[in-house]
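So the chains spell out like this:
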Amino acid sequence: MNNKTSFSLIAPAKLNLFLHINARREDGYHELETLFTFLNFGDELHFELTTDGSISVDGDTKDIPLNDNLIYKAALLLQTHCKSSLGVKINLIKRLPMGGGVGGGSSDAASTLLALNKLWKLALNLETLAQLGLKLGADVPVFIQGQSAIAHGIGEKLHHVTLEQKWYCVVHPNQHVSTAKIFTHPDLKRDTPKIIGDWKHHTLTNDCEPLVKKLCPEVEKTLQWLLKYAPSKMTGTGSCCFVEFASQVQAQDVLENLPHTWQGFVASSANVSPAQTELTAIFDQ
Ligand SMILES: C[C@@](CO)(OP(=O)(O)O)[C@H](O)COP(=O)(O)OP(=O)(O)OC[C@H]1O[C@@H](n2ccc(N)nc2=O)[C@H](O)[C@@H]1O
Ligand SMILES: Nc1ncnc2c1ncn2[C@@H]1O[C@H](COP(=O)(O)OP(=O)(O)O)[C@@H](O)[C@H]1O
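Residues numbered from 1 in each chain as written. Chains lettered and ligands numbered in written order. Predicted model: local features only at pLDDT ≥ 70, side-chain atom pairs only at ≥ 80, totals over all residues. Heavy atoms only, no water.

Going by this rule: UniProt positions are given in the numbering used here, feature names are shortened, and annotations may be inferred rather than shown by experiment.
As recorded in an unreviewed UniProt entry, the protein chain goes by 4-diphosphocytidyl-2-C-methyl-D-erythritol kinase and comes from Pseudoalteromonas distincta. Recorded under Pathway (unreviewed entry), the UniProt text for the protein chain is reproduced unchanged: "Isoprenoid biosynthesis; isopentenyl diphosphate biosynthesis via DXP pathway; isopentenyl diphosphate from 1-deoxy-D-xylulose 5-phosphate: step 3/6." Per UniProt, the comment on the protein chain under Catalytic activity (unreviewed entry) is "4-CDP-2-C-methyl-D-erythritol + ATP = 4-CDP-2-C-methyl-D-erythritol 2-phosphate + ADP + H(+)".

### Describing the pairing of strand E3 (residues 55–59)
Along any regular strand the residues' side chains alternate between the sheet's two faces. Spelled out, the test is: Any two strands with at least two DSSP-identified bridges between them are counted as paired. Under the DSSP-based scheme used, a helix requires at least four consecutive residues in state H or I and a strand at least two consecutive residues in state E, with every element numbered from the N terminus.
As paired strands, E3 and strand E4 (residues 87–93) are joined by five bridges and run parallel to one another. In the sheet register, Ile-55 faces E4, and the bridge partner there is Val-88.

### Considerations on the UniProt feature "active site" (unreviewed entry) in the protein chain
Formally: Using a 1.4 Å probe on the protein chains alone, a residue whose accessible area is under 20% of its type maximum counts as buried, one over 50% counts as exposed, and one in between counts as partly exposed. Only heavy atoms matter for contacts: two residues are in contact if any of them lie within 4.5 Å across the pair.
With numbering aligned to this structure, UniProt lists the feature "active site" (unreviewed entry) at Lys-14 and Asp-139. These annotated residues cover 126 residues of sequence, and their C-alpha atoms lie no more than 9.7 Å from one another, placing them together at a single site. Along the polypeptide, Lys-14 turns up in strand E1 (residues 6–24). A relative accessible area of 3% places Lys-14 in the buried class. Once you skip the residues sitting within four places of it in the chain, Lys-14 turns out to touch Phe-36, Thr-37, Phe-38, Gly-101, Val-102, Gly-103, Asp-139, Phe-143, Thr-235 and Gly-236. As for its placement among the helices and strands, Asp-139 is situated in the loop between helix H3 (126–134) and helix H4 (140–145).

### A word on the UniProt feature "binding site: ATP" (unreviewed entry) in the protein chain
Residues annotated in UniProt with the feature "binding site: ATP" (unreviewed entry) correspond here to Pro-97, Met-98, Gly-99, Gly-100, Gly-101, Val-102, Gly-103, Gly-104, Gly-105, Ser-106 and Ser-107. When sequence neighbours within four positions are dropped, the list of residues in contact with Pro-97 reads Val-102, His-172 and Cys-240. One can find Gly-100 in the loop between E4 and helix H2 (104–119). Classification of Gly-100 as buried rests on a relative accessible area of 1%.

### Observations regarding the site of ligand 2
Using the following cut-off: Nearness of a residue to a molecule or strand requires only that one of the residue's heavy atoms be within 4 Å of it. For this analysis, a polar contact is any N or O atom pair within 3.5 Å, provided that within protein one partner can donate a hydrogen and the other can accept it, and provided that sequence-adjacent residues contribute only side-chain to side-chain pairs. In these tables, accessible area is a Shrake-Rupley quantity obtained with a 1.4 Å probe, and a residue counts as shielded only by the protein chains included in the view.
Around ligand 2, the structure places 18 residues, and the nearest of them are Leu-70, Gly-101, Gly-103, Gly-105 and His-176. Within the side chain of Asp-108, an N or O atom sits 3.1 Å from a nitrogen atom of ligand 2. Between His-176 and ligand 2, the recorded distance is 2.9 Å, taken from a side-chain N or O atom to an oxygen atom. Computed on the free molecule, ligand 2 has an accessible area of 540 Å², of which 80% lies beneath the protein chains in the complex. For the shell around ligand 2, the elements supplying multiple residues, two or more each, are helix H1 (70–82) and H2. The element contributing the most residues to the shell around ligand 2 is H2, with four residues.

Set out below in structure tokens:
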């Protein structure tokens, strides 16, 4: 049994390689089909056990009130669910743009649940953690399950897939896009038919892209600029856009030529979430 009382864990980014919206449900949530892959790049969280039950979050969290911070919400949810008397000091190094469609907040929440399950020796299985995570956001379960997947339902029904490893240059056009704003907009395309048969034989798009391009000309500019290098796509509800390559050198070349007004990063994809890989290395080896 590993008795670690402090350790660091990545909260990786995700990309939606396609995102189809099939319908709007009565409760306002949308039925969708989306392909998730993980990236070897993300936020970094440091956890330190406290025995007095206190939960604190420090570091790059100044813009987010504590009670709204998904890291704090995840820790509190787990502590309450398990009636644990233990606490934790969490420090965040933020690398993922907020409201960028790379899932930073959801990934922070998922890595917190995964880490505290170990730190507090709760021994909950991934299914239970994913169910808890869903209370925090539709994207949290995929980060808990930690395998590239096609998601159905509101994003919580996962069908694991194995993808070829690729390199991505991800560009943030310095715009914050609110997921809620896109999903409540009357012009959002919500009627893409469900995929029948093998998804690889279908035209795969991001249904949020036309609306976000209209609302946010900088996103349109970014997608156009990236087209010089490869077919460009937006992830999630934006605002980050990406291009895919077989090699790191090609992705790095795009990053080096990026206009100074935008930020970006290069990362390879991973079929298993780097959070799961790190957690196994810390606790099971
Ligand atoms: C659509 C995706 C694709 O990955 O967008 P990004 O947020 O990553 O850009 C996600 O599933 C988002 O997941 P997440 O960001 O966890 O969503 P939530 O916090 O649960 O919901 C944010 C807002 O989006 C709406 N929402 C979310 C998911 C969904 N299937 N249908 C929705 O209508 C909700 O009504 C809510 O107002
Ligand atoms: N730890 C966190 N990191 C990022 N965003 C957070 C966090 N906690 C709460 N949020 C809120 O969640 C919103 C969406 O965040 P994020 O997951 O980064 O975007 P997206 O879902 O577009 O990838 C942010 O605008 C912020 O208000």
